[in-house]
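Structural characterization, general
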Amino acid sequence: MEGCPLGLLTASGVAWLVFGMPATMIAAAALVGVVFALLRIVWLIVAAVFLYDITVATGQFEIMKASVAAASADRRLQAVLVAFCSGRLSREPPLGAPVAISAAFLVGLGFQPFEQPCSA
């Protein structure tokens, strides 16, 4: 067990054993947490796709693509540039917006979602 399930189990145990919180309230609090997290994730994905669609429809994506491609021909530097710029545009980095925006932009630039490792 790791990550979120372990954190949920620990928080539930502390709430029940230390503070005497009823099990129904613990379950309700866990459900609210899950719904809140999923809502933020879905909102972020929808916003990133919407932003991508707007830039493509208005032709601005081609301008951004040409700008990044002109900066360097090295794909690694292009990826770093896109990630840095989208990270600076976000006001709330913990939400993951830079990752979603960078991913959409890099796929639009022609990066494969999963690069095949070099065979030696």
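Cut-offs applied
- Residues numbered from 1 in each chain as written.
- Predicted model: local features only at pLDDT ≥ 70, side-chain atom pairs only at ≥ 80, totals over all residues.
- Heavy atoms only, no water.
- Salt bridge = Lys/Arg side-chain N within 4 Å of Asp/Glu carboxyl O.
- Buried < 20%, exposed > 50% of the residue type's maximum accessible area, 1.4 Å probe, protein only.
- Core = buried A, V, L, I, M, F, W, Y, C linked by side-chain atoms within 4.5 Å.
- Helix = DSSP H or I, 4+ residues; strand = E, 2+ residues; numbered from the N terminus.
- Contact = heavy atoms within 4.5 Å.
- Patch = residues over 30% accessible without salt bridge, like charges linked within 9 Å, V, L, I, M, F, W, Y side chains within 5 Å.
- Areas by Shrake-Rupley, 256 points an atom, 1.4 Å probe, with all protein chains shown as cover.
- pLDDT = per-residue confidence, 0-100.
- Expected span 1.5 Å × (residues − 1).

**Concerning the pattern of salt bridges**
- Within this structure, the stated rule accounts for two salt bridges.
- Put simply, arginine 76 and aspartate 74 hold a salt bridge, and the shortest N to O gap is 3.0 Å.
- Residue classification places arginine 76 among the exposed positions, given a relative accessible area of 62%.
- On the accessibility criterion, aspartate 74 (25% relative accessible area) is partly exposed.

**Quick word on the nonpolar core**
- If you look at the biggest cluster of nonpolar residues, it comprises seven residues: Phe61, Val68, Val82, Phe105, Leu106, Leu109 and Phe111.
- When contributions to this core are tallied by element, the ones reaching two or more residues are α3 (60–71) and α5 (97–108).
- Among all residues touching phenylalanine 61, those that are not within four sequence positions of it are Tyr52, Thr55, Val56, Phe105, Gly108 and Leu109.

**Looking at a nonpolar patch on the surface**
- A surface patch of nonpolar side chains, amounting to about 610 Å² of accessible area, comprises Val14, Trp16, Leu17, Val18 and Phe19.
- Relative to the elements of secondary structure, tryptophan 16 occurs in helix α1 (residues 4–17).

**Things to note about the confidence of the model for the chain**
- Summarising the model, the chain shows a mean pLDDT of 80, and 81% of its residues fall at 70 or more.
- The secondary structure element of the chain with the lowest average pLDDT is α5, at 73, and the one with the highest is α1, at 91.

**So, helix α2 (residues 23–58)**
- Between its first and last C-alpha, α2 extends 52 Å over 36 residues, near the 52 Å set by a 1.5 Å rise per residue.
- Every buried residue of α2 is listed here: Ile26, Leu44, Ala48 and Thr55.
- With its phi angle positive at about 85 degrees, glycine 59 sits one or two positions after the end of α2.

**Describing the side chain of glutamine 78**
- Residue placement: glutamine 78 occurs in helix α4 (residues 75–89).
- Glutamine 78 gets classed as buried once you look at its relative accessible area, which sits at 7%.
- Not counting residues up to four positions away in its chain, the partners in contact with glutamine 78 are Val68, Ala69, Ser72, Ala73 and Phe111.

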